[in-house]
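# Examination of the molecular architecture
Take a look at the letters that make up each chain.
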Amino acid sequence: MRVLLVEDDDMIGRSLSQALDAQGWSVDWVRDGELAYSALIDGDYACVLLDLGLPRQDGTEVLRKARARGNATPVLVLTARDGLDDRITGLDLGADDYLLKPYEFRELLARMRAVIRRRDGAAHSVIGSGDLQLDLTTREVLVRGERSALSAREFALLHALLERPGAILSREQLENRIYGWGEEVMSNAVDVLIHGMRKKLGPDAIRNVRGLGWRVVTTLALAGSEGSAK
Ligand code: CA
């Protein structure tokens, strides 16, 4: 999944993006408020990690403008500001959560999962329905309750499709969800990924809608498809 990291401190930004990358996130890192705003508006991020004290435009201003435009991307504010007023302002402006520096990386990951889950409207860490579910904590897929591991990209793909089961996502929408900036994306990358996913989920789970894109089917127990997955 893609995360937008907004941090002007080189050392913090570098170590954080490396650590997130190692966890399978595609990280886009920007160092000032104006770039943060345009990235947030243009990109399709699972969540944003937002520092408040930024050059060119303050983090609170970025947040205010993005929310005013109707952008609902989950935002986790990371800041050294410990003033109560700043925290309240941030939350009032539409931040989903707040983490004061210094923080434990594990806690950051847990809070990222929590704000993403809330956006998904799920009170627990499993999304999807019927025969096909995704565990956001373990990043495993459950096919009729049976768990199997996913690569980071498979997870991002399935997460995008299962957010609104039945909705059709175009190639571009899927690429935006799976790959970060500067990542070289082969023209058939999504097809290859989906081909691999069908081996794990069964041939009917991800359907191509000609000319439009793909959608997920959460009821897999179709006649004739039983047992054909493996
Ligand atoms: Ca800063």
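Residues numbered from 1 in each chain as written. Predicted model: local features only at pLDDT ≥ 70, side-chain atom pairs only at ≥ 80, totals over all residues. Heavy atoms only, no water.

### Thoughts on the nonpolar core
Soluble globular proteins: nonpolar side chains tend toward being buried together. Residues Leu 49, Met 112 and Leu 174 are the most contacted members of the largest nonpolar core, which totals 46 residues. Here the element with the most residues in this core is helix α6 (residues 152-163); it accounts for seven residues. Looking at which domains feed residues into this core, each of domain 1 (2-119) and domain 2 (126-228) supplies at least three. Contacts of Met 112, omitting those with residues within four sequence positions, involve Val 3, Leu 20, Trp 25, Cys 47, Leu 49 and Leu 76. Core analysis: the second largest hydrophobic core is formed by 19 residues, Leu 4, Val 6, Ala 36 and Leu 40 among them. (Core = buried A, V, L, I, M, F, W, Y, C linked by side-chain atoms within 4.5 Å. Buried < 20%, exposed > 50% of the residue type's maximum accessible area, 1.4 Å probe, protein only. Helix = DSSP H or I, 4+ residues; strand = E, 2+ residues; numbered from the N terminus. Domains from an automatic or database assignment. Contact = heavy atoms within 4.5 Å.)

### Some remarks on the packing of aromatic side chains
To describe a pair of aromatic rings, you give the distance between the ring centres and the angle between the ring planes. Scanning the entire structure with this criterion turns up zero aromatic pairs. Geometry around Tyr 37 places Lys 65 over its ring, the cationic atom sitting 4.2 Å from the centre. (Phe/Tyr/Trp six-rings, centres within 6.5 Å; stacked < 30°, edge-to-face > 60°. Lys NZ or Arg CZ within 6 Å of the ring centre and 35° of its normal.)

### Focus on the pairing of strand β10 (residues 206-209)
Here β10 pairs with strand β11 (residues 213-216) via four bridges, running antiparallel. Bridging across to β11, Val 209 finds its partner in Gly 213. Remark: three residues form the turn of the hairpin made by β10 and β11, two consecutive strands paired antiparallel; Gly 211 in that turn has positive phi of roughly 80°. (Pairing = 2+ DSSP bridges.)

### Thoughts on the sheet that holds strand β6 (residues 126-129)
The strands making up a sheet associate through hydrogen bonds between their backbones, and the pairing can be parallel or antiparallel. Strand order in the open sheet formed by four strands is β6-β7-β8-β9, with antiparallel pairing between adjacent strands. Every interior strand has two partners, whereas the edge strands, β6 and β9 (146-149), have only one. The sheet shows a mean angle of 20° between the axes of neighbouring strands, taken without regard to direction. Relative to the sheet, α6 contacts β6, β7 (132-135), β8 (140-143) and β9, its axis offset from that of β7 by approximately 120°. (Axes fitted to C-alpha atoms, helices over the stretch in contact; angles between N-to-C directions.)

### Quick look at the coordination of the calcium ion
Listed as protein donors to the calcium ion are Asp 8 (OD), Asp 51 (OD) and Gly 53 (O); their distances from the metal cover 2.1 to 2.3 Å. Written as a sequence motif, the donor arrangement for the calcium ion is D-x42-D-x1-G. With a gap of 45 residues between them, Asp 8 in the loop between β1 (2-6) and α1 (10-22) and Gly 53 in the loop between β3 (47-50) and α3 (59-68) connect regions that are remote in the sequence. (Donors = N, O, S within 2.8 Å, 3.2 Å for Na, K, Ca; no water.)

### A word on the domain arrangement of the protein
Split into domains, the protein comes out as domain 1 (2-119) and domain 2 (126-228). Taken residue by residue, the interface counts 15 residues in domain 1 and 13 residues in domain 2. When domain 1 packs against domain 2, close to 1,200 Å² is buried across both sides, 50% of that on carbon and sulfur atoms. The largest contributions to the domain 1 side of the interface with domain 2 come from Arg 2, Asp 44 and Arg 113, which together make up 38% of the buried area. Summed over the shared surface of domain 1 and domain 2, the result is one salt bridge. (Buried area = accessible area lost by both parts, 1.4 Å probe. Salt bridge = Lys/Arg side-chain N within 4 Å of Asp/Glu carboxyl O.)

### Points about the pattern of salt bridges
Taken as a whole, this structure holds 17 salt bridges when the rule is applied. Ionic pairing is found between Asp 191 and Arg 171, a salt bridge with its closest N-O pair at 2.6 Å. In this pair, Asp 191 sits in helix α8 (residues 189-201) while Arg 171 sits in helix α7 (residues 171-178), placing the two residues 20 residues apart along the sequence. Asp 191 sits in the partly exposed class, given a relative accessible area of 30%. Through salt bridges with shared partners, a single network forms among Glu 7, Asp 51 and Lys 101.

### Here we look at the environment of Trp 25
Relative to the helices and strands, Trp 25 is located in the loop between α1 and β2 (26-30). Accessibility expressed as a relative area gives 5% for Trp 25, which makes it buried. Trp 25 sits 24 residues away from Met 1 along the chain, and the two C-alpha atoms are 5.3 Å apart. The residues contacting Trp 25, other than those within four sequence positions of it, are Met 1, Arg 2, Val 3, Leu 20, Ala 46, Leu 109, Met 112, Ile 116 and Arg 139.

### Remarks on the side chain of Gln 57
Tracing the backbone shows Gln 57 in the loop between β3 and α3. A distance of 3.3 Å separates polar atoms of two side chains, one belonging to Gln 57 and the other to Lys 65. Beyond its immediate chain neighbours, meaning those up to four positions away, Gln 57 contacts Gly 33, Glu 34, Tyr 37, Val 62 and Lys 65. (Polar contact = N/O pair within 3.5 Å; in protein donor to acceptor, adjacent residues only side chain to side chain.)

### So, unusual backbone geometry
With an omega of -5°, the peptide bond running from Lys 101 to Pro 102 counts as cis. As for its placement among the helices and strands, Pro 102 is situated in the loop between β5 (97-100) and α5 (105-119).

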